Amino acid sequence: MNVNIKSFQELSILELYQILQLRTEVFVVEQNCVYQDMDGKDTKALHIIGRDQNEIIAYTRIFRPGDYMDQACIGRVVVKKSARKGGSGKEIMQASIRAVEDNFNTNTIHISAQTYLQKFYNELGFTAVGETYLEDDIPHILMVKE
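As a starting point, this report considers the structure included with it. All of these numbers come straight from a predicted model, not from anything done at the bench. (Residues numbered from 1 in each chain as written. Predicted model: local features only at pLDDT ≥ 70, side-chain atom pairs only at ≥ 80, totals over all residues. Heavy atoms only, no water.)

**Some points on the overall build of the chain**
In step 1: Looking only at helices and strands, one finds three helices and seven strands in the chain.
In step 2: Counting from the amino terminus, the chain carries its helices and strands in the arrangement β-α-β-β-β-α-β-α-β-β.
In step 3: Over its C-alpha atoms the chain spans a radius of gyration of 14 Å, differing by no more than 12% from the 15 Å that the globule rule assigns to 146 residues.
In step 4: A burial count over the chain gives 43% of its 146 residues as buried.
In step 5: Counted over contacts in the chain with a minimum sequence separation of 6, partners at least 24 positions apart contribute 59%.
In step 6: For the chain, the separation between the mean place of its 16 positive charges and that of its 20 negative charges on side chains is 3 Å. (Helix = DSSP H or I, 4+ residues; strand = E, 2+ residues; numbered from the N terminus. Rg over C-alpha atoms; globule rule 2.2 N^0.38 Å. Buried < 20%, exposed > 50% of the residue type's maximum accessible area, 1.4 Å probe, protein only. Contact = heavy atoms within 4.5 Å. Lys, Arg positive; Asp, Glu negative; His and termini not counted. Charge placed at Lys NZ, Arg CZ, Asp CG, Glu CD.)

**Comments concerning helix α2 (residues 88-104)**
In step 1: Along its 17 residues, α2 runs 23 Å from first to last C-alpha, staying within 8% of the 24 Å computed at 1.5 Å per residue.
In step 2: Those residues of α2 that sit buried are S88, G89, I92, M93, A95, S96, I97, A99, V100 and F104.
In step 3: Within two residues after α2, N105 carries a phi angle of roughly 55 degrees, on the positive side. (Expected span 1.5 Å × (residues − 1).)

**Some details on the packing of aromatic side chains**
A ring pair, where both rings are aromatic, is described by two values, the distance of the centres and the angle of the planes.
In step 1: If you walk through the whole model with that rule in mind, you get three aromatic pairs.
In step 2: Note on F63 and Y68: the rings are 5.0 Å apart at their centroids and 65 degrees apart in plane angle, and the pair reads as edge-to-face.
In step 3: Using a relative accessible area of 0% as the deciding quantity, one classes F63 as buried.
In step 4: Ring-pair connections join several aromatic residues into one group, and the members of that group are F120, Y121 and F126. (Phe/Tyr/Trp six-rings, centres within 6.5 Å; stacked < 30°, edge-to-face > 60°.)

**As for the pairing of strand β7 (residues 138-145)**
In step 1: Within β7, six of the eight residues are buried, leaving the element largely enclosed by the surrounding structure.
In step 2: Both strand β5 (residues 109-114) and β7 contribute to a ladder of six bridges, which runs antiparallel. Pairing of H110 across the sheet is with V144, part of β7.
In step 3: As paired strands, strand β6 (residues 127-135) and β7 are joined by six bridges and run antiparallel to one another. Paired with Y133 across the strands is H140, a residue of β7.
In step 4: Hairpin connection of β6 to β7: two residues between the antiparallel strands, including D136 at a positive phi of 55 degrees. (Pairing = 2+ DSSP bridges.)

**Looking at the nonpolar core**
In step 1: Within the largest apolar cluster, 24 residues are counted, with the highest numbers of intra-cluster contacts made by I62, I74, V100, I111, Y121, F126 and M143.
In step 2: Residue assignment for this core shows that the elements contributing at least two residues are β2 (46-52), β3 (55-63), β4 (72-79), α2, β5 and β7.
In step 3: The greatest single-element share of this core, amounting to seven residues, is contributed by α2.
In step 4: Residues C33, I49, Y59 and V78 belong to the second largest nonpolar core, which totals 12 residues. (Core = buried A, V, L, I, M, F, W, Y, C linked by side-chain atoms within 4.5 Å.)

**Side note on the environment of N2**
In step 1: Mapping N2 onto the fold places it in strand β1 (residues 2-7).
In step 2: Here N2 falls in the partly exposed class, since its relative accessible area comes to 46%.

**A word on the environment of E101**
In step 1: By the element assignment, E101 lies in helix α2.
In step 2: For the pair E101 and A72, spaced 29 residues apart in sequence, the C-alpha separation works out to 9.2 Å.

Written out as C-alpha cells, the structure reads:
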C-alpha cells in the first residue's frame, strides 16, 4: 500500500470523491448508520490516504490539538472491505500515528474507537479511557496513546 498525506486544499476533486465514497460505503451502507459524514471538519484535517494501484483502500484524517479534540486525534479510520485481512488497517494507523508525531509535534493521540475494535487499537498502543458511549447509535470508547 502506498500512503500519502495531504491537506484538504491539496486533495484533487477525484481524491475527495473517492474518500467520501469509501467513507459512505463503510460507515453508512455497510454499518447501516445514517449520519452526516461531511461534518465540516475535513477542511482542518490532514488526510492520510492509502492506495493499492490507483484505488483508495484505506484512509484516516488527523487533527492538531484543539482543531477537533483538546489533544491531537485520528478519526474516520476506514479500510475497504476487500482490503481488511491484508494488514492495511494497521499500516494506515501506523502512518497516521507517525503523521501526528511529525506534523503536530506530540505523542499524545486520542481516538473515538468503535468498541469492537478496541483490541486492534490496543495493539497499536492505545488504552481505553472511561466508559463506553453511543456515537451515531454505535458503541464507542475514548482511547489514548501517549
